[in-house]
Amino acid sequence: MPRRDNSQGGASRHKYSRPARGNNRGQNLVDTYERTVQRPPRREPRPSQEEQQNVHVDDLKLVTQRWEFRKEGKHKVLSDNTEFLVVGVIGGARTGKSTILNSICGFSSKATSPECASFPVGSPEDQACGKHCTVGIDMRVSSDRVIALDTQPVLSASVLLELLSCPSPCMELARSLSVAAARGARPPKTSAEAINMVMALQTAIFLFSVCHVVVVVCDGPDDTRMWKLMECVDIFAPLVSSATPMQGLAPQANQDSKEGFRFIGDCVFLHTNMSQENMMASRIAALENSLQHLMVDSKLCRRGLVSCWSGTPLQQPKGMDNGGDRRKNLSFFVLPKESPSNDYEDQNSLLKVLMTRLRRQILGYPLRQFAHGLTEQEWLIWCGRVWDTLLKSKDVAEYFFRLQLTSYKDGGGW
């Protein structure tokens, strides 16, 4: 028989029905176990729409002035989408790179979000002072999921002056090239012209490794510097792309990484600032023939999906086709020079028509899915790996030292 406890008014209770003070420790341990072990781990909340719209212009800088890849802040504008197009542009100073890219992707200065805002365009004051607006590589993302990459001028005197005035990034780049070439951590006298050339080569290799379409902008009909640069890119781009690891980005990428995966974007040659005399069909055809003979076996020109003769007012000469079926591999376009005078109203209207046609041809590229179905976030990781591989490339480093010993042997530097 259970004992009775008359201290509480004679109420009858079981001896275990009322635990003493402090005896509930076991129950507390059970509750703690259920909260920490049995329950699934708490997931961090995804950024809200307001947080995604809170994008600063600095978050869209892909490569900084110190020639460093910047990954921070890009998750605010990139998603898990696999259907996207990457368009890059490269060229000299004052060739209209940023203006062309703004027109192709539909960026406007009146956009409310920075990721859709237009790329900065140089003013006449900047042109008179020998300055350039774009430093490093900038990124924008349109509402149609077109990722645009705008680069600083290559092979430009303004960049060379900037290197001479601020030698610290150049010395770091020269040091990394010296280490990659196994020549020690202290490089010999560094040529500013050689650094300028290597930076242009690295920019072009990076674009062709991460972009579907790369627009190579040339200034007028006599600018062949970009042609020679593309010949070097044709050699080094496959080496850098195949040396970049793809593990962990896509299931199929792990299989292809054993033999080396190569991704090379399509090259579109664009000659801007063409005068009224050079816009004659015979001269355009002669310029295209010269470029075709130079890039006939290039890996950068595989599909001629962009043409200034397709759907434009320009009339293709009948006897211009001397390259056979290989002509289809070259993407070539021309744009006339914009004139503020009303006397060249026809030329300005032709510029608008050709710009619209160029935009449609580039945005109509059939390749809308990146290699192996990479998402936008995975594409950003791939960009970082390509840039790291590019800075450590022994082939590019050896090319840099060859330049210092040959072409830029007596050039100025540090």
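Residues numbered from 1 in each chain as written. Predicted model: local features only at pLDDT ≥ 70, side-chain atom pairs only at ≥ 80, totals over all residues. Heavy atoms only, no water.

**Notes on the packing of aromatic side chains**
Okay, step 1: If you walk through the whole model with that rule in mind, you get 5 aromatic pairs.
Okay, step 2: Taken together, a centroid distance of 5.4 Å and an interplanar angle of 65° make the contact between Trp-67 and Trp-387 edge-to-face. Of the two residues, Trp-67 sits in the loop between β1 (61-63) and β2 (85-91) while Trp-387 sits in helix α12 (residues 376-391), which places them 320 residues apart along the sequence.
Okay, step 3: Given the relative accessible area of 6%, Trp-67 is considered buried.
Okay, step 4: Between the aromatic rings of Phe-400 and Phe-401, the centroid separation amounts to 5.1 Å while the plane-to-plane angle is 70°, which identifies the pairing as edge-to-face.
Okay, step 5: Exposure remark for Phe-401: the relative accessible area of 4% places this residue in the buried category.
Okay, step 6: In textbook terms, an aromatic cluster arises when at least three aromatic residues are bridged by ring pairs, as seen for Trp-67, Phe-206 and Trp-387. (Phe/Tyr/Trp six-rings, centres within 6.5 Å; stacked < 30°, edge-to-face > 60°. Helix = DSSP H or I, 4+ residues; strand = E, 2+ residues; numbered from the N terminus. Buried < 20%, exposed > 50% of the residue type's maximum accessible area, 1.4 Å probe, protein only.)

**Some thoughts on unusual backbone geometry**
Okay, step 1: With a phi angle near 65°, Trp-67 is a residue other than glycine that sits in the positive phi range.
Okay, step 2: Positive phi, normally seen in glycine, also occurs at Asn-273, with a value near 55°.
Okay, step 3: Relative to the helices and strands, Asn-273 is located in strand β6 (residues 266-274).

**Quick word on the state of the cysteines**
Okay, step 1: Summed over all chains, the structure comprises 0 disulfides.
Okay, step 2: Note on Cys-267: no disulfide assigned, nearest cysteine sulfur contributed by Cys-301 at a separation of 4.8 Å. (Disulfide = S-S within 2.5 Å.)

**Structural notes on the confidence of the model for the protein**
Okay, step 1: Looking at the protein as a whole, the pLDDT averages 79, with 74% of positions reaching at least 70.
Okay, step 2: For the protein, helix α1 (residues 25-38) is the element with the lowest average pLDDT, namely 45, and strand β5 (residues 213-219) is the one with the highest, namely 96.
Okay, step 3: Confidence drops under pLDDT 50 across residues 1-23; counting only partners more than four residues distant or on other chains, this segment forms 5 contacts.
Okay, step 4: A low-confidence stretch, residues 253-259 stays under pLDDT 50, and its non-local contacts, those more than four residues away or across chains, total 8 contacts. (pLDDT = per-residue confidence, 0-100. Contact = heavy atoms within 4.5 Å.)

**Some details on the pattern of salt bridges**
Okay, step 1: Tallied over the entire structure, the rule returns 6 salt bridges.
Okay, step 2: Note that Lys-76 and Asp-59 form a salt bridge whose closest N and O atoms lie 3.4 Å from each other. Taken together, the positions of Lys-76 in the loop between β1 and β2 and Asp-59 in the loop between α2 (49-53) and β1 put the pair 17 residues apart, joining distant regions of the chain.
Okay, step 3: A residue is classified by how much of its surface remains accessible, and Lys-76, at 26% relative accessible area, is partly exposed. (Salt bridge = Lys/Arg side-chain N within 4 Å of Asp/Glu carboxyl O.)

**Observations concerning the nonpolar core**
Okay, step 1: Among the nonpolar cores identified, the biggest contains 111 residues, and Leu-149, Phe-206, Leu-229, Met-230, Val-233, Phe-269 and Trp-379 are the most heavily contacted of them.
Okay, step 2: Of all the elements, helix α7 (residues 192-210) adds the most residues to this core, at 13 residues.
Okay, step 3: In this structure, Val-233 is in contact with Leu-201, Ala-204, Ile-205, Phe-208, Pro-238 and Leu-300, ignoring residues within four places of it in sequence. (Core = buried A, V, L, I, M, F, W, Y, C linked by side-chain atoms within 4.5 Å.)

**Observations regarding α12**
Okay, step 1: Given a rise of 1.5 Å per residue, 16 residues ought to cover 22 Å, and the 23 Å separating the end C-alpha atoms of α12 matches this to within 8%.
Okay, step 2: Along α12, the residues that are buried comprise Glu-376, Trp-379, Leu-380, Trp-382, Cys-383, Val-386, Trp-387, Thr-389, Leu-390 and Leu-391. (Expected span 1.5 Å × (residues − 1).)

**Some remarks on the pairing of strand β3 (residues 137-141)**
Okay, step 1: In terms of residue burial, β3 counts as a mostly covered element, since 5 of its 5 residues are buried.
Okay, step 2: Neither face of β3 is open: one carries Ile-137, Met-139 and Val-141, the other Asp-138 and Arg-140, and all of them are buried.
Okay, step 3: The sheet contact formed by β1 and β3 spans 2 bridges and is antiparallel. From the neighbouring strand, Lys-61 faces β3, where its bridge partner is Asp-138. (Pairing = 2+ DSSP bridges.)

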